[in-house]
Amino acid sequence: MEPVRVALHAAEVLTGIGLLTWLQESPQVVLTPMEEAEAVVVAVTALDSPALEVLRGLPAPAGTRFVLVLSGGWHTDLAVVAEHGIRAVLWRAEVDGPALVRAVRDVAEGRACLPPGVQGRLLDQLERVEREVLGPRGLTCSGLSGRELDVLRLLSEGATLSEIAVELNYSERTIKNVLSALQLRFGLRNRVQAVSYAIRRGLI
């Protein structure tokens, strides 16, 4: 198993030394410059506006995944978690070397690691957004409508447009229009790309 390339930023010296020691002791990770890291560990007092400014000011490329180690509380909207690339949150009083390394590996491999209480609040917020904002517009959190997801799922199973039209009780022209609108919205060239996009995103 290849070690994960990880970088560290800590404003508080003693906290930084502790985290650095844990990372250096693990063969599962290797410290690298931030520009080359698969995951970046950032230690801050609390998740608030100053902490978000710190994240935005780091020399990390777009799409960087962050592991936050918090000494204090959570004082910002849950939506910022995804917007700022935060994929793991650990409480400083509870974290140890194995937990830190495990979170880094999870984040580098595309998983998230959030405290149970935060997960519940995040899911509640997503549910409200889907119910109150997206649902009335016929969309889901994926950005696709239920009808679009049904069409892509059937396409991925090898169904023809006429078969999809019969299955979903729409005209074939409607199915073509659904696919055309979807391709235009996401910049996809053809139906194969549309299906591939949905599979990569885990939508079907």
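The coordinates are above.
Residues numbered from 1 in each chain as written. Predicted model: local features only at pLDDT ≥ 70, side-chain atom pairs only at ≥ 80, totals over all residues. Heavy atoms only, no water.

Regarding unusual backbone geometry
The condition is simple: Helix and strand definitions here come from DSSP, where helices need a minimum of 4 consecutive H or I residues and strands a minimum of 2 consecutive E residues; each element is numbered from the N-terminal end. The buried label applies to any residue whose accessible area, calculated with a 1.4 Å probe on protein chains only, is under 20% of its type's maximum; exposed applies above 50%, and partly exposed to all values in between.
Of note, the phi angle at Asn169 is positive, near 65 degrees, even though the residue is not glycine. On the secondary structure map, Asn169 appears in the loop between helix H7 (161–168) and helix H8 (172–186). Exposure remark for Asn169: the relative accessible area of 70% places this residue in the exposed category.

Description of the sheet that holds strand S5 (residues 86–91)
We apply this condition: Strand pairing is assigned whenever DSSP identifies at least 2 bridges connecting the two strands. Inter-axis angles, ranging from 0 to 180 degrees, are taken between N-to-C directions of lines fitted to C-alpha atoms, where helices are fitted over the stretch in contact. The contact criterion used is simple: two residues touch if any of their non-hydrogen atoms lie within 4.5 Å.
The sheet built from 5 strands is open, its strands ordered S2-S1-S3-S4-S5 with parallel pairing. This sheet does not close on itself; its edge strands, each paired only once, are strand S2 (29–31) and S5. This sheet shows a mean twist of 30 degrees between the axes of neighbouring strands, independent of strand direction. Relative to S5, strand S4 (residues 65–70) is paired through 5 bridges, and the arrangement is parallel. Its bridge partner lying in S5, Phe66 is registered against Ile86. The sheet contacts of helix H1 (residues 13–25) involve strand S1 (4–10), S2, strand S3 (39–44) and S4, and relative to S1 the element is tilted by about 170 degrees. Taken strand by strand, helix H4 (residues 97–108) contacts S1, S2, S3, S4 and S5, and its axis lies near 155 degrees from that of S4.

Here we look at the packing of helix H6 (residues 146–156) against helix H9 (residues 191–200)
What counts here: Working rule for angles: under 35 degrees goes down as roughly parallel, over 145 as roughly antiparallel, 65 to 115 as roughly perpendicular, anything else as oblique. Ten residue types, Ala, Val, Leu, Ile, Met, Phe, Trp, Tyr, Cys and Pro, are classed as nonpolar, four, Asp, Glu, Lys and Arg, as charged, and the remainder, Gly among them, as polar.
Where H6 contacts H9, the two axes come as close as 10 Å, and the packing angle between them is 105 degrees. By the angle between their axes, H6 is roughly perpendicular relative to H9. Of the residues in H9, those touching H6 at Leu152, Leu155 and Ser156 are Arg191, Ala194, Val195 and Ala198. Counted by class, the contact of H6 with H9 contains 5 nonpolar, 1 polar and 1 charged residues.

Brief notes about the pattern of salt bridges
Side chains that carry opposite charge are capable of pairing whenever their charged atoms lie near each other. So the rule is basically this: The rule for a salt bridge is simple: a side-chain nitrogen of Lys or Arg has to be within 4 Å of a carboxyl oxygen of Asp or Glu.
Per the counting criterion, the structure on display carries 8 salt bridges. We note a salt bridge from Arg185 to Glu148, for which the minimum N-O separation is 2.8 Å. Here Glu148 lies in helix H6 and Arg185 lies in helix H8, a separation of 37 residues in the sequence. Owing to a relative accessible area of 7%, Glu148 belongs among the buried residues under this scheme. Glu157 is paired through a salt bridge with Arg153; the nearest N and O atoms lie 3.9 Å apart. With relative accessibility at 33%, the residue Arg153 sits in the partly exposed group. Taken together, the salt bridges that share partners define one network made up of Arg105, Asp106, Glu109 and Arg111.

Regarding the packing of aromatic side chains
The criterion, for reference: Classification of ring pairs rests on two measures: the distance between centres of Phe, Tyr or Trp rings, Trp counted by its six-membered ring, which must be within 6.5 Å, and the angle between planes, read as stacked under 30 degrees, edge-to-face over 60 and tilted in between.
Counting across every chain of the model gives 1 aromatic pair. Residues Phe186 and Tyr197 carry aromatic rings whose centres are separated by 5.0 Å and whose planes lie at 35 degrees to one another, so their mutual orientation is tilted. Of this pair, Phe186 sits in helix H8 while Tyr197 is found in helix H9, placing the two residues 11 residues apart along the sequence. Its relative accessible area of 13% is what places Tyr197 among the buried residues.

Considering the packing of H8 against H9
Convention followed: The hand of a helix crossing depends on one turn: near helix anticlockwise from the far one by less than a right angle means left-handed, and clockwise means right-handed.
Their axes nearest at 10 Å, the elements H8 and H9 cross at an angle of 70 degrees. As far as their axial angle goes, H9 and H8 are roughly perpendicular. The two elements H8 and H9 meet at a crossing, and its hand is left-handed. Where H8 abuts H9, its residues Lys176, Leu179, Leu182, Gln183 and Phe186 lie against Arg191, Ala194 and Tyr197.

Comments concerning the side chain of His84
Defined as follows: Here a polar contact is recorded for every N or O atom pair within 3.5 Å, except that within protein the pair must consist of a potential hydrogen donor and a potential acceptor, and residues adjacent in sequence are included only if both atoms are side-chain atoms.
By secondary structure assignment, the location of His84 is in the loop between helix H3 (80–83) and S5. A polar atom in the side chain of His84 sits 2.7 Å from the side chain of Arg56. Look past the residues within four positions of His84 in its chain and what remains in contact with it is Leu52, Leu55, Arg56 and Phe66.

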